[in-house]
Amino acid sequence: MGKVIIFSAPSGSGKTTIVRELLKRFPQFEFSVSATSRAPRGCERHGCDYHFMTHEEFMRAVAENRFVEWEEVYQGTCYGTLRSEVERIWAKGNIIVFDVDVIGGINLKRIFGDDACSIFVMPPSIGELRRRLVCRGTDAPEVIDRRVAKAEYELGFAPKFDTVIVNDDLETAKAEALKVITQFLNR
Ligand code: ADP
Ligand code: 5GP
């Protein structure tokens, strides 16, 4: 079993921004491309950002036990970590980087134990989280409302992670992530 790094956060906290930076800096880090039943948004590409599936395809994969973990993160929209992704990345000797919702993050930490470093990216406030989602410009107003409403609930799970990083100033948050991960890998 190889090592894994888990990033979780309420949507809009900035975890994808931080993860992208880490993937650029560490060639041995590889992003676990999740499956989802939602439609691609913006310039997202199949097999690169997500494995996009219909709801029926997703449920068939569940029935075939093809997921390490999966969640209906938002009503009617499912996301999951494919076993094939984990096997593919470890077969190359790489370290897996997960970007999953908070419940998925807790489940993955339970599965991978000491081989996992779980990081919760905390927004400075709910107001700022909403502002970032609006500025990102990828979600309809009702989708933003749903994500913000869920964020309050998700923040309560932060203590279950190995580390909490507050993403107020982006450069400070990236430096903190770098420090925590370097310590984990050198342990
Ligand atoms: P998540 O992956 O957690 O949903 P993103 O990485 O997509 O969040 O970030 C949401 C939006 O907030 C993006 O438009 C991103 O550029 C912006 N953002 C990320 N971090 C910061 C920060 N520290 N300050 C201001 N804006 C940020
Ligand atoms: P988005 O629609 O913004 O890409 O993602 C919505 C949420 O689903 C985010 O919190 C993201 O981290 C989470 N997510 C993405 N992939 C997975 C996965 O494989 N499993 C789980 N549990 N959550 C995921």
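The structure displayed is predicted, hence computed values, not measured ones. (Residues numbered from 1 in each chain as written. Chains lettered and ligands numbered in written order. Predicted model: local features only at pLDDT ≥ 70, side-chain atom pairs only at ≥ 80, totals over all residues. Heavy atoms only, no water.)

**Considering the site of ligand 1**
Taken together, 14 residues are adjacent to ligand 1, and G12, T16, T17, N167 and D168 come closest. Its atoms largely coinciding with the cavity grid, ligand 1 occupies the largest pocket. Listed by contribution, the elements that provide at least two residues to the shell around ligand 1 are α1 (15-25) and α5 (126-136). Split into classes, the residues belonging to the shell around ligand 1 amount to two nonpolar, seven polar and five charged. (Near = heavy atom within 4 Å. 1 Å grid on protein atoms, 1.4 Å probe; cavity = no way out; pocket = protein on both sides within 12 Å on 5 of 7 lines; lining within 4 Å. Sits in = over half its atoms within 2 Å of the grid points. Helix = DSSP H or I, 4+ residues; strand = E, 2+ residues; numbered from the N terminus. Nonpolar A, V, L, I, M, F, W, Y, C, P; charged D, E, K, R; others polar.)

**Observations concerning the layout of surface pockets**
Each pocket or cavity is described by its volume, and for the largest pocket that value is around 1100 Å³. If you trace the largest pocket, you find 43 residues lining it, with T16, R20, R41, D99 and R136 closest to the centre. Looking at the lining of the largest pocket, the elements with two or more residues in it are α1, β5 (67-74), β6 (77-82), α5 and α6 (141-155). The element contributing the most residues to the lining of the largest pocket is α1, with six residues. Partitioning the lining of the largest pocket into residue classes produces 16 nonpolar, 13 polar and 14 charged. (Points joined across faces, edges and corners; volume = space filled by probe spheres on them.)

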